[in-house]
Amino acid sequence: MHYVSTRGRAPVLAFDEVVLTGLARDGGLYVPEMWPRFMPDIQAALVNLTYPELAIRVMAPFLGSAMTEDELAGIVAVSYQNFTHPAVAPLKQLGPHSWLCELFHGPTLAFKDYALQFLGPLFDHILRRRGERVVIVGATSGDTGSAAIEAFRDHAAVDVFILHPHERVSPIQRRQMTTVQAANVHNIAVTGTFDDCQRLVKDLFNDHPFREAMNLSAVNSINWARIMAQVVYYFWAALAVGGGRRAVAFAVPTGNFGNAFAGYVARAMGVQVGRLMIGSNRNDILTRFFATGTMTMQMVVPTLSPSMDIQVSSNFERLLFELYDQEGDAVERLMEQFRETGTFSITHDRLYDIRKIFRGFSLDDNETRDIIADVYARTGEHVDPHTAIGIAAGRAIGPDIGMPVITLATAHPAKFPQAIREATGREPVLPERLAAVLACKERFTVLPVDLAAVKEHIRLRARR
Ligand SMILES: *Cc1c(COP(=O)(O)O)cnc(C)c1O
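S.K.: Would you explain the packing of aromatic side chains in this entry?
M.R.: The geometry of an aromatic ring pair is captured by the separation of the ring centres together with the interplanar angle, meaning the angle of the planes. The full count for this structure, using the stated rule, is 26 aromatic pairs. Across from the ring centre of Tyr324, 4.0 Å away, lies the NZ or CZ of Arg350, which sits over that ring.

S.K.: I'm lost on the site of the ligand in this one. Help?
M.R.: Near the ligand there are 15 residues, and of these Lys112, Asp143, Gly255, Asn256 and Thr410 occur at the shortest range. Backbone polar atom of Asn259 to an oxygen atom of the ligand: 2.9 Å apart, as the coordinates give it. For the ligand, whose accessible area on its own is 390 Å², the fraction buried by protein is 97%. Taken together, the residues that form the shell around the ligand break down as five nonpolar, eight polar and two charged.

S.K.: Whenever I open this one, the nonpolar core confuses me. Can you help?
M.R.: In summary, soluble globular proteins display a tendency toward joint burial of nonpolar side chains. Counting 115 residues, the largest nonpolar core has Phe118 and Phe250 as the members making the most contacts within it. When residues in this core are grouped by element, the largest group, 15 residues, is from helix 10 (residues 224-242). Residues Leu163, Val190, Met214 and Val454 belong to the second largest nonpolar core, which totals 19 residues.

S.K.: Even after reading the chapter, I still don't get the pattern of salt bridges, so can you show me in this structure?
M.R.: Pairing is possible between side chains that carry opposite charge, provided their charged atoms lie close to one another. This structure, assessed with the given rule, holds 26 salt bridges. For Glu442, the salt bridge is made with Arg175, and the minimal N-O distance between the two is 3.6 Å. Residue Glu442 is located in the loop between helix 19 (432-439) and strand 15 (445-447), and its partner Arg175 is located in helix 7 (residues 171-178); the two are separated by 267 residues in the primary sequence. Glu442 gets classed as partly exposed once you look at its relative accessible area, which sits at 22%. Two residues, Asp284 and Arg288, come together in a salt bridge whose shortest N-O distance is 2.9 Å. One network of salt bridges, in which partners are shared, links Asp16, Glu71, Arg129, Arg130 and Glu132.

S.K.: Looking at this model, I keep getting lost on the pairing of strand 9 (residues 248-253). Mind explaining?
M.R.: A regular strand carries its side chains on alternate faces of the sheet. Within strand 9, six of the six residues are buried, leaving the element largely enclosed by the surrounding structure. Of the two faces of strand 9, the one carrying Val248, Phe250 and Val252 and the one carrying Ala249, Ala251 and Pro253 are both buried. Bridge count between strand 9 and strand 10 (residues 273-280): six bridges; the pairing is parallel. Across the sheet, Pro253 pairs through a bridge with Gly279, a residue of strand 10. Tracing the backbone out of strand 9, into helix 11 (residues 258-268) and back to the parallel element strand 10 gives a crossover that is right-handed. The pairing of strand 9 with strand 14 (residues 405-409) spans three bridges and is classified as parallel.

Conventions adopted
- Residues numbered from 1 in each chain as written.
- Predicted model: local features only at pLDDT ≥ 70, side-chain atom pairs only at ≥ 80, totals over all residues.
- Heavy atoms only, no water.
- Phe/Tyr/Trp six-rings, centres within 6.5 Å; stacked < 30°, edge-to-face > 60°.
- Lys NZ or Arg CZ within 6 Å of the ring centre and 35° of its normal.
- Near = heavy atom within 4 Å.
- Polar contact = N/O pair within 3.5 Å; in protein donor to acceptor, adjacent residues only side chain to side chain.
- Areas by Shrake-Rupley, 256 points an atom, 1.4 Å probe, with all protein chains shown as cover.
- Nonpolar A, V, L, I, M, F, W, Y, C, P; charged D, E, K, R; others polar.
- Core = buried A, V, L, I, M, F, W, Y, C linked by side-chain atoms within 4.5 Å.
- Buried < 20%, exposed > 50% of the residue type's maximum accessible area, 1.4 Å probe, protein only.
- Helix = DSSP H or I, 4+ residues; strand = E, 2+ residues; numbered from the N terminus.
- Salt bridge = Lys/Arg side-chain N within 4 Å of Asp/Glu carboxyl O.
- Pairing = 2+ DSSP bridges.
- Right-handed = clockwise from strand over helix to strand, strands pointing away.

Right under this line is the structure:
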């Protein structure tokens, strides 16, 4: 299996190289040259596997000759051991045709653990074999930073630097990052906004001598291995609810479109996904796109679901590549237009095709609170604001579609206690893990929005 860039002009790479590379050199994202297919009888034979067993089966076809299935099995064996639920991703039935797939039983209580806990040992394996080390740099406004820190803490060949906007992330999310006592973990609180953090990270990567000297690496959701690891739970949930023989619909709260794109990949691999319903908050660029075929950027507004306060969904480019029959030139043209004018459109034919799979639904904060309250009243379950948006999107499909609807629950409600209290009058139960985080001592460095200062900080602390 080889990997090509969505813009068609970067070198073709093998799996291990794609994992370490992140963004392609032509500005595109790497995708596999073809989708492996699982026929229905093969899927039916996967029904009784455990989550780790299934993960090996689903991910093995993507490795090519870069890694053996045994090596993958060794990595998977340690990937899910820090999850607190024996099923890893349990399914809970909410109504006659509606299900939740709970993706918050990992160390940081958000779904990003399901990919990043796998990326930790995967990086270890690849770096050991190549005799390399890397410095991972990332910016976070919420869940990505803590999931990356948990995944790479104490790894011998990796140093992690995570930038967050000083005093602009929620106390729980900050503490999940800053209370980790590991010598290779470095939290930088930048006295600016999340956009400033993101720009600093981009500038670090664009400084090629620095990038090469430090061997910088990225683990944001443009990293193919994250998407690949997320495909597993679509198989898992579809098999659990539909047995591999019955179509199911998924409802997915969406920001950067990584999670939703993994659903598209599962469908391309043969999972009977009848509909992918995209949920967004007031930052509804994707919902507008799936309604009209036009992508138009607007200002980001803060909401109750901060992990989805995004306007440009970086992973959308991978879908565009599919939609344009894997023509890099066409993708390049559209992305260039988007960068210059803030808007682009696809043709009616293509919109018609994409609407056979995707629809969008968006709601504001009041509607989100109403859903949290309604789910609590009907089922006694607390759902976090992101998950609530997913549930609302799932309800918008309606019962007449004639298939079960599975909503991906992307965060534990205890991460958003205030929203839950406002909606239901009660606090969600604090899991042990989070209670420990709230008690520990914090460690972070405050730096100005200054590239030279950040570079110097990294240079002095990265182990060589
Ligand atoms: C990151 C995140 C999302 C959005 O996922 P994307 O893959 O970026 O679309 C949704 N909910 C939660 C809780 C998240 O942390």
